[in-house]
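Observations on the three-dimensional arrangement
The residues making up each chain are set out below.
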Amino acid sequence: MQFIDWIKIRAAKFLNKVRQVWSRLITQLQRVMEKFAEKMLEILPNSVLMGSTVWIRRLTDKVQKLTKNYTQNKITQQWEETVVTENITEDDIPEEIKNKYGVEIGEFEISQELELQLDYCQTA
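Quick look at the structure, then. (Residues numbered from 1 in each chain as written. Predicted model: local features only at pLDDT ≥ 70, side-chain atom pairs only at ≥ 80, totals over all residues. Heavy atoms only, no water.)

1. Some words on the overall build of the protein chain
Cut-off, in case you're wondering: A run of H or I in DSSP counts as a helix once it spans at least four residues, and a run of E counts as a strand once it spans at least two, with each numbered from the N terminus. Under the scheme applied here, a residue whose accessible area is under 20% of the maximum for its type counts as buried, over 50% as exposed, and between as partly exposed, the area being computed with a 1.4 Å probe on protein chains only. For the accessible areas, the method is Shrake-Rupley and the probe is 1.4 Å, while residue cover comes only from the protein chains on display.
Helices and strands together make up the secondary structure of the protein chain, namely 3 helices and 4 strands. Secondary structure elements of the protein chain occur, N-terminal to C-terminal, as α-β-β-β-α-β-α. Out of the 124 residues belonging to the protein chain, those deemed buried represent 17%. Accessible surface, the protein chain as shown: approximately 10,300 Å² in total, 59% of it carbon and sulfur.

2. A word on unusual backbone geometry
Here the phi dihedral of Gln77 falls at roughly 65°; this positive angle occurs in a residue that is not glycine. Looking at the element boundaries, Gln77 is found in the loop between β2 (63–73) and β3 (79–88). Its relative accessible area of 46% is what places Gln77 among the partly exposed residues.

3. Description of a nonpolar patch on the surface
Our working rule: For patch building, the residue pool is restricted to those with more than 30% relative accessible area and no salt bridge; the joining distance is 9 Å between like charges and 5 Å between nonpolar side chains (Val, Leu, Ile, Met, Phe, Trp, Tyr). By definition here, a salt bridge exists when the distance from a side-chain nitrogen of Lys or Arg to a carboxyl oxygen of Asp or Glu is within 4 Å.
Where nonpolar side chains cluster on the molecular surface, the patch consists of Trp22, Leu25, Ile26 and Leu29 and spans about 400 Å² of accessible area. Tracing the sequence through the fold places Ile26 in helix α1 (residues 3–43). Looking at Ile26, the relative accessible area reads 33%, which means it is partly exposed.

4. Comments concerning the sheet that holds strand β4 (residues 106–109)
Stated formally: Pairs of strands are assigned from DSSP output, requiring at least two bridges between the strands. Each axis is a line fitted through C-alpha atoms, taken for helices only over the stretch in contact, and angles between the N-to-C directions span 0 to 180 degrees.
On the basis of which strands lie adjacent, the open sheet formed by 4 strands has the order β3-β2-β1-β4 and antiparallel pairing. Here the strands that pair on one side only, and so sit at the sheet edges, are β3 and β4. The average angle at which neighbouring strand axes cross in this sheet is 30°, direction not considered.

5. Observations regarding the nonpolar core
What counts is decided by this rule: We call a set of buried residues a nonpolar core when its members are Ala, Val, Leu, Ile, Met, Phe, Trp, Tyr or Cys and they connect through side-chain atoms within 4.5 Å of each other.
Listed in full, the 9 residues of the largest apolar core are Val54, Ile56, Val63, Ile88, Ile93, Ile97, Tyr101, Phe108 and Ile110. Elements with a minimum of two residues in this core: β1 (47–58) and α2 (95–101).

Below, the structure written as structure tokens:
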């Protein structure tokens, strides 16, 4: 066997090994990317928060603060309302809101008042 033939055989074997390693590397990278995509789908929500309102609910024996969050599912385009209720005391209600709504029983949206208070705090 001539030297040139020997080099061709060795080069072919070397390139074959490189191709095998490269193929395994690509397969492993594909698996990693698939796992990454699965984890991201678990982490990322399918819904986007589109708005939120804050309410005070007066019942005969207690006062509650309600936060209503409005989301839209990115896949189905359906709207959803999620209500978070928290029992509060009269002392937790700002005086302006007490003066405006008094002691009536019912639900009162206070989002605008809170927004105005936040705007005032940001400009002060």
